[in-house]
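Here's the letter readout for the chains.
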Amino acid sequence: MGVSQRAIPGFAVTTARLFGIQSAFSYERMLGIGFGHAVEPLLRPLRERDGGAPYRDALARQSRFFNAHPYFASIAVGAAARAELDGEAPERVERMRTALCGPLGALGDRLIWAGWLPACVALGLVLVTLGARGWGVAAFLVLYNVVHVVLRVWGLRAGWRAGLRVSGALGHPLLRQGLVSVGPLAALAVGAALPMVLGWVVRRGLAWSLVWEHFLTVVVGTVLFVVVLQRLHARLSGLGLAMVVMGAAVVGGVVWP
Amino acid sequence: MTPGDVLGVTAVGVVVGVDLVTVPQAMTGRPLVAAFVGGWIAGSPIYGLLIGVVLELFALETLPVGASRYPDWGPPSVAAGALFQPGPDGVFATPFWPWLLSLVLVAALVAWLGGWAMDAVHRANGAAIVRRAAALDAGDPRALIGLQAWGFVRDAGRAALLTLVALLLGGFVAQVVADQWRASPAVAENAVLAAAMGVAAAAAWRLYARGKTARWLVAGVGAGLAGALLWV
């Protein structure tokens, strides 16, 4: 049975539920429970078929293991719902879910975690150093979340439109362009933010005449830190090394004669 | 800090703590945001912002990827922002840089602890799913709603606990350290800034110092140095 592309039953509820898709995150099913919870409103028309058996079968299927970037999981939710309502064979629906895990995860990691998020954070930091104060924080949140929310909503619609042919949605020109542009953007923004933050933080606690002496000391310390971290990266995270350095400074500062 | 302040900071700690994984991943748990709000609750958002900026440099290393264990910066950042406050006369009662170093170290430890606590929540979710496996296999929507709701409750409890640990226990320890500080404040300043900048620079190097993005990173650093000299 075909379903109109224009009407998405339960679209608003599913959209809201997508924001909590990781609430019951576990290592066994990853996002599976949240996936089932999010897709459930879209599956409700199936309750009227064969005493509700197709609805329960579909819900059980959609609650199994699923792993992807949480924002891009919406594409799979839309596609899975459409396939279930179109009466596709269960094994084909499951195959599609499985096949989407890797690409959607990789896309989100590159586009969001390693790209858009650091770019927005860095822009927020730069704005704060330029005197924007709380407006810098607000700018970060708004800029980041415009893309975040648009991705969730667009993904649901794109998946719903495509059904089992969802792989085409991953080739959307905006996503391709985003993958090309976001890396350089993030690199530029993060690179610019670091010296500006250092200047701003040092300036808070010292007179200008003392700033540059400390600035240079910190730069030398930073370079040493990066070199050590590059050598020990497999064994120690940056945070681990930082805690060791700061812990040593605390002990030294307290027991200083 | 009044009991009302503790309650307010803990409530915000819960909101930013559940944001990381559970709902809605809007990045309100980033230190830049969380510490600013913590400082705002305690009366001085600018100092909350200052410690938030420092903590954000550490958080730049964190990529919240799937099942990997990563620090949760939200709850300790709210607490640090609320604690890093001057007195009513606008002057810090404890030496500025030792106090900042102590709070940053406490926040880093609690953030790291938060990653382990998140791991425990995910394991508890897994155990709950096993208990409801029959209902899930039968396609019972109530099982899904229950699991989602309890997952949220577990994560909210974790975030509240982390916030209180950072605010009360961490605040006490940081205060003792700052009060006992005997070395030059420059030791604290150099340690905290070199560590923060080192983590951020190493993260930037790892993510962007290869291929096409490398030249953009260099251009950014150049622009940032010019900006620091001219405007900051």
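In this text, all values refer to a predicted model and were calculated from it rather than measured experimentally.

Along chain B, the regular secondary structure elements total 9 helices and 0 strands. The linear arrangement of helices and strands in chain B, starting from the amino end, is α-α-α-α-α-α-α-α-α. Overall, the C-alpha framework of chain B stretches about 65 × 50 × 25 Å when taken along its three principal axes. When burial is assessed residue by residue, chain B has 59% of its 232 residues classed as buried. In chain B, 78% of the contacts between residues at least 6 apart in sequence involve partners at least 24 apart.

This next bit is on the domain arrangement of chain A. Residue and element names in this part refer to chain A. Partitioning chain A into structural domains gives domain 1 (11-205) and domain 2 (209-257). The C-alpha-based centres of domain 1 and domain 2 are spaced at 36 Å. Taken together, the 4 residues of domain 1 in the interface contact 4 residues of domain 2. Class assignment of the residues belonging to the side of domain 1 that touches domain 2 gives a composition of 2 nonpolar, 1 polar and 1 charged.

This part is about the interface of chain B and chain A. Listed per partner, the contact involves 94 residues of chain B and 87 residues of chain A. Sorting the residues of the side of chain B that touches chain A by element identifies α2 (31-42), α3 (45-59), α5 (96-131), α6 (133-137), α7 (141-179), α8 (185-208) and α9 (212-230) of chain B as the ones contributing at least two each. Taken together, the residues of the side of chain B that touches chain A break down into 70 nonpolar, 17 polar and 7 charged.

Cut-offs applied
- Residues numbered from 1 in each chain as written.
- Chains lettered and ligands numbered in written order.
- Predicted model: local features only at pLDDT ≥ 70, side-chain atom pairs only at ≥ 80, totals over all residues.
- Helix = DSSP H or I, 4+ residues; strand = E, 2+ residues; numbered from the N terminus.
- Buried ≥ 20, exposed ≤ 12 C-beta atoms within 10 Å, placed from the backbone.
- Contact = placed C-beta atoms within 7 Å.
- Domains from an automatic or database assignment.
- Nonpolar A, V, L, I, M, F, W, Y, C, P; charged D, E, K, R; others polar.

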